[in-house]
Amino acid sequence: MTVYSMRLAMPTEPASVPSKTVTSAQIALFNGDGDLVMKLNSQEQQITAMREQMNLLRRQLTESERKVRAEQEKNRSLKGE
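The rules behind these values
- All chains use their own residue numbering, which begins from 1 and follows the written sequence.
- It should be noted that, the model being predicted, local features are given only for residues of pLDDT at least 70 and side-chain atom pairs only at 80 or more, the latter also being counted only at that level, while totals for whole chains, interfaces and linings use all residues.
- Side-chain metrics rest on all non-hydrogen atoms present in the structure, leaving aside hydrogens and water.
- Numbering of helices and strands starts at the N terminus; helices are DSSP runs of H or I of at least 4 residues and strands are runs of E of at least 2.
- Only protein chains enter the area calculation, which uses a 1.4 Å probe; residues under 20% of their type maximum are buried, those over 50% are exposed, and those in between are partly exposed.
- For accessible areas, the Shrake-Rupley method is used with a probe of radius 1.4 Å. Any residue's cover is judged against the shown protein chains and nothing else.
- Whenever a carboxyl oxygen of Asp or Glu lies within 4 Å of a side-chain nitrogen of Lys or Arg, that contact is scored as a salt bridge.

J.: Help me out: how do you make sense of the overall build of the protein in this one?
T.: Within the protein, the regular secondary structure consists of one helix and zero strands. With 81 residues in all, the protein has 0% of them scored as buried. Taken as a whole, the protein presents about 8,300 Å² of accessible surface, with 59% of it coming from carbon and sulfur.

See the structure below:
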């Protein structure tokens, strides 16, 4: 009986990472991206807060319009129209 040994060549690092040395230019690129990501996240949070505020204002407007219509109807009935 013959026993075969199979060894697969597995790279120690992904192909996209050619070496472990990082230059200051590369770090600067990531720092800039980090600033953009932070700014984007901040703006998304602001958009979410504004949407929530807009929805609240719409509900308040709808409620106010309902109250005005009810008051107008009440006034009409008091006048006898």
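J.: Before we go on, may I ask you to explain the pattern of salt bridges in this structure?
T.: Oppositely charged side chains may form a pair once their charged atoms are brought near each other. Overall, the coordinates contain two salt bridges when judged by the stated rule. Residue Glu73 is joined to Arg76 by a salt bridge in which the shortest nitrogen-to-oxygen separation is 3.3 Å. Of this pair, Glu73 and Arg76 are both found in helix α1 (residues 24-79), three residues apart, which corresponds to roughly one turn of the helix.

Interpretation in functional terms is not warranted from these geometric data alone.
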